[in-house]
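# Report on the structure
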Amino acid sequence: MMLPMVSLGLPESIIASACSRVGQRVLHVDQRNYYGGNWASFTFSGLQTWIEDNKREDVTEEVAACTEHIGDNEKCIVLTNRNKTIQNVEVFSYSGSEDADVEESGSLHMATATVTTDPATPDPVPEAPSQEPSLTDGSKADSPLEQEEGNEPESNEGDEHDVATEDDGAPSDTGCTVSTEMTTEPSPPLSAQQDSPQPVTYSLIVKEGRRFNIDLVSKFLYSRGMLIGLLIKSNVSRYTEFKNITRILTHHDGNIEQVPCSRADVFASKQLSMVEKRMLMKFLTFCAEYEQHSEEYQDYKESTFSEFLNFKKLTPSLHHFVLYSIAMASTTTNTMDGLKATQHFLRCLGCYGNSPFLFPLYGLGELPQCFCRMSAVFGGIYCLHHSLRCLIVDRDSNQCKAVIDSKGKRISCSSVIVEDSYLSADVAANVCYKQISRAILITDRSVLKSESDQQISVLTVPPETEGQNAIFVTELCSSTMTCMKNTYLVHLTCPSIKTTAKEDLESVVQELFTLSTESTTDPDTEVPEKPRVFWALYFNMRDSSGVERESYVGLPDNMHVCSGPDPNFGNDHAVRQAENIFSKLFPTEEFCPPAPNPEDIIYDTECATQDAGESGTATEPKEETSPESEEVSEASAEEQEAK
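Reading the values: the criteria
Residues numbered from 1 in each chain as written. Predicted model: local features only at pLDDT ≥ 70, side-chain atom pairs only at ≥ 80, totals over all residues. Heavy atoms only, no water. UniProt positions renumbered as here; feature names shortened; annotations may be inferred. 1 Å grid on protein atoms, 1.4 Å probe; cavity = no way out; pocket = protein on both sides within 12 Å on 5 of 7 lines; lining within 4 Å. Points joined across faces, edges and corners; volume = space filled by probe spheres on them. Helix = DSSP H or I, 4+ residues; strand = E, 2+ residues; numbered from the N terminus. Axes fitted to C-alpha atoms, helices over the stretch in contact; angles between N-to-C directions. Parallel < 35°, antiparallel > 145°, perpendicular 65-115°, else oblique. Contact = heavy atoms within 4.5 Å. Pairing = 2+ DSSP bridges. Left-handed = near helix turned anticlockwise from the far one by under 90°. Phe/Tyr/Trp six-rings, centres within 6.5 Å; stacked < 30°, edge-to-face > 60°. Lys NZ or Arg CZ within 6 Å of the ring centre and 35° of its normal. Buried < 20%, exposed > 50% of the residue type's maximum accessible area, 1.4 Å probe, protein only. Polar contact = N/O pair within 3.5 Å; in protein donor to acceptor, adjacent residues only side chain to side chain. Expected span 1.5 Å × (residues − 1). Core = buried A, V, L, I, M, F, W, Y, C linked by side-chain atoms within 4.5 Å.

The name an unreviewed UniProt entry gives the protein chain is Rab proteins geranylgeranyltransferase component A, with Leptobrachium leishanense as the organism. If you open the UniProt record of the protein chain and go to Sequence similarities (unreviewed entry), you find "Belongs to the Rab GDI family." Within the UniProt record for the protein chain, the comment given under Subcellular location (unreviewed entry) is "Cytoplasm, Cytosol".

Regions of empty space are outlined by a rolling probe, equal in size to a water molecule, passed over the atoms. Of the pockets and cavities examined, the second largest pocket occupies roughly 820 Å³. In this structure, the second largest pocket is lined by 23 residues; those nearest its centre are Ala327, Met328, Ala329, Asn568 and Phe569. Secondary-structure elements contributing two or more residues to the lining of the second largest pocket are helix 10 (335-348) and helix 13 (572-585). Element by element, the count of residues in the lining of the second largest pocket is highest for helix 10, at 4 residues.

Let us now look at unusual backbone geometry. Unusually for a residue other than glycine, Ser7 sits at a positive phi of about 95°. Looking at where Ser7 falls in the secondary structure, it is placed in the loop between strand 1 (3-6) and helix 1 (10-21). Although it is not a glycine, Tyr362 adopts a positive phi angle of roughly 70°. Looking at where Tyr362 falls in the secondary structure, it is placed in the loop between strand 13 (357-360) and helix 11 (366-377).

What follows deals with the packing of helix 5 (residues 226-234) against helix 13. Where helix 5 contacts helix 13, the axes come no closer than 8 Å and their chain directions differ by 55°. It follows that helix 5 is oblique to helix 13 by the angle criterion. Along its contact with helix 5, which presents Met226, Leu227 and Leu230, the element helix 13 presents Asp572, Val575, Arg576 and Glu579.

Another point: the sheet that holds strand 1. Pairing within the open sheet is parallel, and its 5 strands lie in the order 14-2-1-18-24. Taken across any chain shown, the strands that pair with only one partner, and hence form the sheet edges, are strand 14 (381-384) and strand 24 (559-562). Averaged over all adjacent pairs, the angle separating strand axes in this sheet is 15°, with direction ignored. As paired strands, strand 1 and strand 18 (residues 416-419) are joined by 2 bridges and run parallel to one another. Its bridge partner being in strand 18, Val6 is matched across the sheet by Val418. Taken strand by strand, helix 13 contacts strand 1, strand 18 and strand 24, and its axis lies near 175° from that of strand 24.

Turning our eyes to something else, we now look at the packing of helix 5 against helix 11. It is at 12 Å that the axes of helix 5 and helix 11 come closest, and there the two elements cross at 25°. With respect to helix 11, the element helix 5 is oriented roughly parallel. Handedness of the helix 5/helix 11 crossing: left-handed. Judged by residue contacts, Leu227, Leu230, Leu231 and Ser234 of helix 5 engage Leu367, Phe371 and Met374 from helix 11.

Take the packing of aromatic side chains next. A full pass over the atoms with the stated rule returns 24 aromatic pairs. Site record: aromatic cluster; members linked through ring pairs are Phe220, Tyr222, Phe345, Phe357, Phe359, Phe472 and Phe569. Sitting over the face of the ring of Tyr433, Arg542 holds its NZ or CZ atom 4.0 Å from the ring centroid.

Within strand 11 (residues 247-252), 6 of the 6 residues are buried, which leaves it mostly tucked inside the rest of the structure. By the alternation rule, side chains of strand 11 split into Arg247, Leu249 and His251 and Ile248, Thr250 and His252, which are all buried. In terms of strand pairing, strand 11 meets strand 20 (residues 457-461) through 4 bridges, oriented parallel. Bridge pairing in strand 20 places Arg247 opposite Ser457. The pairing of strand 11 with strand 12 (residues 255-258) spans 4 bridges and is classified as antiparallel. Across the sheet, the residue bridging to Thr250 is Glu257, located in strand 12. Count of turn residues in the strand 11/strand 12 antiparallel hairpin: 2 residues, of which Asp253 carries a positive phi of about 55°.

A word on the environment of Thr443. Within the element layout of this structure, Thr443 appears in strand 19 (residues 434-443). Between the C-alpha atom of Thr443 and that of Phe534, which follows or precedes it by 91 residues, the distance is 5.8 Å. A distance of 3.4 Å separates a polar atom in the side chain of Thr443 from the backbone oxygen of Arg445.

On to helix 2 (residues 44-55). Each turn of an α-helix holds 3.6 residues, which means side chains three or four residues apart point in the same direction. The first and last C-alpha atoms of helix 2 sit 17 Å apart over 12 residues, in line with the 16 Å expected at 1.5 Å per residue. Where helix 2 is concerned, the buried positions are Phe44, Ser45, Leu47, Gln48, Trp50, Ile51 and Asn54.

One finds Ile14, Trp50, Phe283, Phe357, Trp535 and Leu537 to be the most contacted residues of the largest nonpolar core, which totals 115 residues. Excluding residues within four positions of it along the chain, Leu537 makes contact with Leu47, Trp50, Ile51, Val89, Glu90, Val91, Arg438, Ala439 and Ile440. Within the second largest apolar cluster, 24 residues are counted, among which are Met2, Cys400, Ala428 and Val431.

Our next topic: the side chain of Asn540. With respect to the helices and strands, Asn540 occurs in strand 23 (residues 533-543). The class of Asn540 is buried, set by a relative accessible area of 2%. Engagement of the side chain of Asn540 in a polar contact is seen with the side chain of Ser496, the distance being 3.0 Å. When sequence neighbours within four positions are dropped, the list of residues in contact with Asn540 reads Thr85, Ile86, Gln87, Asn88, Gln435, Ile436, Ser437, Ser496, Thr499, Thr500 and Ala501.

Structure representation (structure tokens):
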């Protein structure tokens, strides 16, 4: 019997990979025509199509005609065919006279820009970078807190974690690798070097839209997080590539500053005094082994982490760095959660470079596809643009016996896994969903100028008022294969507070970026020019990560529900959810056991022939050759070589 899964999001893809790996038959379907669901990545033109699909008004859904497939003592649960997880989509383009061929007016304005292309047209596959030593679990890496001053590792700008990626759905034969050399592009011809670079405009972005891979979610991977561990354990890591995050930034006192994390960063920092450097190192050393010093936080277990930092007498600058950029917490986070987050951050430092975070090349949408490839290798069946209409449930046992697909075919199943976006309003009548506010920008320069234009940065903007959540800003350069050269792709994320994402994030966008074509540099004060925004997208995404299964009404016992993306910075929730569902399905099976590497498989033809003979399989006898025929064969070969 099949194990149907609806939606190709990250949790469902992990479960599909794990089930196929242990020999289960998996049918993975999605009404969308792309992999990843709400975890997907799009080219610029593909994102325009996604925007138009989500801006359409809801239409009356066609009730599934499943009555003819329902037997005695069976009932039907109808699944929805409209994705209502995306709301309040707003698109703005900021352009001047150079974009007259795309925009109606040559003057500055904001307008909705829609560019659609044929979705059937395949995207070009960029050439994968060269591969170097293997990616391991980093268990032998020294902690940055234990390194001696002056013996720090070299700068990791451009550090690359390369794992071969193939876009045709077939697995790569290469292993997961890590490159510690800066990625360099081949030098253009001399004539091209002499020509001035073409200025970036909105029309050029549209023209070069396939160079973009724009994520619907914004996350980084902790180098010792659950997802990286799972990728390494299962050998799925050989299907993708990674780069180190080069900078951790924060918005402090109206300025953007780089956060010192490792020992080298602390002692090289110019914004900290010598006293603050020693104070920060002492506190980070304590957090790395806080369990052994319980007497220091015993009285603050019920307090907030911010109050504990005040107790440790950290200066306002250190308090800000630790709370928002190292622990990535809020003023309401309790002390124990803050200490665990800080410890986790420190343990991830030095694993694959002088940064705790990794980012997959070509975008986060690669991750669901990697697990789908593993599932397909072990027999998983995939159907895009193909949905399930309803579930057939036995009334006595409350078990889902079969599913009805969009073609009206009944498929028997042992269990079914569904993303919550496919559940009808009747099933989710008692559920109150939260929202995530998202913004995606295409800019012309980095928020913090540096010697290299290939920085990958994460920026934390503290909340304006007490009790609110910080806004996480991720800035990706062209070396991540997510945007074209001379542009940056910026993601802003926070839990929704106001009605729309634009209301939540617009103030930060206006503070960090310029929405005008005119220069913002003041020649008198020499204020650095802020990055210019060419294009901006705002939308709200449903947050169902905190919804328990019991909140849904009338689900069969063998039906499992996966949530969409959560607002947290890492991917632990998705991995933990997949592992929990798999353990319920197959309690005695190992979760995502290692897949054999193709180069490790030994094909023994003699044993295969012997086994075939013992099993009664007919084999063709070898034709005996006489010495004369052998001589003729050799002579023929010599004649062919002479020709």
